[in-house]
Amino acid sequence: MSTTDLPASHAELMDGVYRWQRHIYDLTRKYYLLGRDRLIAGLDVPAGGTVLELGCGTGRNIILAARRYPGARFFGLDISAEMLETATAALAREGLSGRVTLARGDATNFDAKALFGVERFDRVFVSYSLSMIPGWEKTVSAALAALSPGGSLHVVDFGQQEALPSWFRKLLRGWLKKFHVEPRQSLRAILDSESARVGASVRFKTLYRGYSWLAVSKIAI
């Protein structure tokens, strides 16, 4: 999907939300986007492997992953031109521009071959993006379709805070709504059904009393 084909309303919304927020995003989000580093540690990227992040934002996760797996090639997709501008600058500062390729696109409907010259990936990961994407279920399907045999999809996002006090859950939901974020109650069910459709197995973990959910869907070899 080319940039001219992007859903204008959502792309403009994300650019509007993050035009200024992107400058302080990583500083503030580290306090409540829990489980991201655990996801990166669990990628277990094979030597020479390919990794795609959907909703790469400021590049924070892809930079940490590229450092941890120096033999792999990384690709990042985001719908926000503002976020990609920040990510591009961050990669240049870290000396990673040669190993990480970024593209603007819609995570619910993308052509990896056209955008990156790569059709399938050993790992695809999505960190706290499904809760912001309209039609996020399509992102799960697209991510699984982009995996190589034996590849895996890794997801971390807000859970339902099921073991946390109701006052905390209400406060968190109100705060997230300001940034157009909505925890996906059916995340586990969608991961299970979409994985079953392509013959993938799923491991699902509840973190921090339900604050976050972490899942891995692995395609059979």
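Quick caveat: nothing in here was measured; it's all calculated off a predicted structure.

Novice: Before we go on, may I ask you to explain the overall build of the protein in this structure?
Specialist: For the protein, the helix and strand inventory stands at 9 helices and 7 strands. A burial count over the protein gives 53% of its 221 residues as buried. Taking the contacts inside the protein whose residues are at least 6 apart along the sequence as the reference set, 75% of them involve residues at least 24 apart. For the protein, the exposed surface amounts to about 10300 Å²; the carbon and sulfur share of it is 54%.

Novice: Is there a simple way to think about helix α7 (residues 136-145) in this case?
Specialist: In an α-helix, one turn spans 3.6 residues; hence positions three or four apart end up facing the same way. Along α7, the residues that are buried comprise W136, T139, V140, A142, A143 and L144. Looking at the buried positions of α7, the neighbouring elements they touch are β1 (50-54), β4 (121-127), β5 (147-158), α9 (187-197) and β7 (212-219).

Novice: Just checking my understanding: could you explain the environment of S193 for this structure?
Specialist: Residue placement: S193 occurs in helix α9. The partly exposed category is assigned to S193, whose relative accessible area is 39%. In the structure, S193 is positioned 52 residues away from S141 in sequence and 9.9 Å away in space, judged by C-alpha atoms. Of note is the side chain of S193, whose polar atom sits 3.1 Å from the backbone oxygen of I190.

Novice: What exactly am I supposed to notice about unusual backbone geometry here?
Specialist: Glycine aside, negative phi is the norm for most residues, and most peptide bonds take the trans geometry. The phi angle at Y128 is positive, at roughly 50 degrees, despite the residue not being glycine. Along the chain, Y128 turns up in the loop between β4 and α7. Residues other than glycine seldom take positive phi values, yet Y208 does so here, at roughly 55 degrees. By secondary structure assignment, the location of Y208 is in the loop between β6 (200-207) and β7. The exposure class assigned to Y208 is partly exposed, which follows from its relative accessible area of 44%.

Novice: I'm lost on the pattern of salt bridges in this one. Help?
Specialist: Within this structure, the stated rule accounts for 4 salt bridges. Between R60 and D37 there is a salt bridge, with its nearest N and O atoms 2.9 Å apart. Linking R60 in helix α4 (residues 60-68) with D37 in helix α3 (residues 36-41), this pair joins segments that are 23 residues apart in sequence. As a salt-bridge pair, E182 and R184 come within 3.4 Å of each other at their nearest N and O atoms. For R184, a relative accessible area of 13% translates into the label buried.

Novice: Can you help me understand the packing of aromatic side chains in this one?
Specialist: For any pair of aromatic rings, the description consists of the separation of the ring centres together with the inter-plane angle of the planes. Tallied over the entire structure, the rule returns 9 aromatic pairs. Look at W175 and F179: their rings are 5.0 Å apart centre to centre, the planes differ by 70 degrees, and that puts the pair in the edge-to-face class. For W175, a relative accessible area of 40% puts it in the partly exposed group. Pairwise contacts between aromatic rings join Y128, F158, W167, F168 and Y211 into one cluster.

Novice: It is not clear to me how the sheet that holds β1 should be interpreted in this structure. Could you clarify?
Specialist: Pairing between the strands of a sheet comes from backbone hydrogen bonds, and it takes one of two forms, parallel or antiparallel. Reading across from one edge, β3-β2-β1-β4-β5-β7-β6 is the order of the 7 strands in this open sheet, with mixed pairing throughout. Whereas interior strands pair on both sides, the edge strands pair on one side only; in this sheet they are β3 (100-104) and β6. Strand-to-strand twist of the sheet, defined as the mean angle between neighbouring strand axes without regard to direction, takes the value 15 degrees. Relative to β3, strand β2 (residues 73-78) is paired through 5 bridges, and the arrangement is parallel. Across the sheet, the residue bridging to D78 is R104, located in β3. Across the face of the sheet, α9 comes into contact with β5, β6 and β7 while running at roughly 165 degrees to β6.

Novice: I tried to follow a positive patch on the surface on my own but got confused; where do I start?
Specialist: Together, R38, R203, K205 and K218 make up a region of like positive charge exposed at the surface. Mapped onto the elements of the fold, R203 is located in strand β6.

Novice: Explanation requested: the pairing of β2 in the structure shown.
Specialist: On any regular strand, side chains alternate: one points to one face of the sheet, the next to the other face. By the criterion of burial, β2 is predominantly enclosed, with 5 of the 6 residues buried. For β1 and β2, the ladder comprises 5 bridges, and the chain directions are parallel. Within the sheet, the bridge partner assigned to T50 lies in β2 and is R73. Considered for its hand, the β-α-β crossover made up of β1, α4 and β2 is right-handed.

Reading guide: rules and limits
- Residues numbered from 1 in each chain as written.
- Predicted model: local features only at pLDDT ≥ 70, side-chain atom pairs only at ≥ 80, totals over all residues.
- Heavy atoms only, no water.
- Helix = DSSP H or I, 4+ residues; strand = E, 2+ residues; numbered from the N terminus.
- Buried < 20%, exposed > 50% of the residue type's maximum accessible area, 1.4 Å probe, protein only.
- Contact = heavy atoms within 4.5 Å.
- Areas by Shrake-Rupley, 256 points an atom, 1.4 Å probe, with all protein chains shown as cover.
- Polar contact = N/O pair within 3.5 Å; in protein donor to acceptor, adjacent residues only side chain to side chain.
- Salt bridge = Lys/Arg side-chain N within 4 Å of Asp/Glu carboxyl O.
- Phe/Tyr/Trp six-rings, centres within 6.5 Å; stacked < 30°, edge-to-face > 60°.
- Pairing = 2+ DSSP bridges.
- Axes fitted to C-alpha atoms, helices over the stretch in contact; angles between N-to-C directions.
- Patch = residues over 30% accessible without salt bridge, like charges linked within 9 Å, V, L, I, M, F, W, Y side chains within 5 Å.
- Lys, Arg positive; Asp, Glu negative; His and termini not counted.
- Charge placed at Lys NZ, Arg CZ, Asp CG, Glu CD.
- Right-handed = clockwise from strand over helix to strand, strands pointing away.

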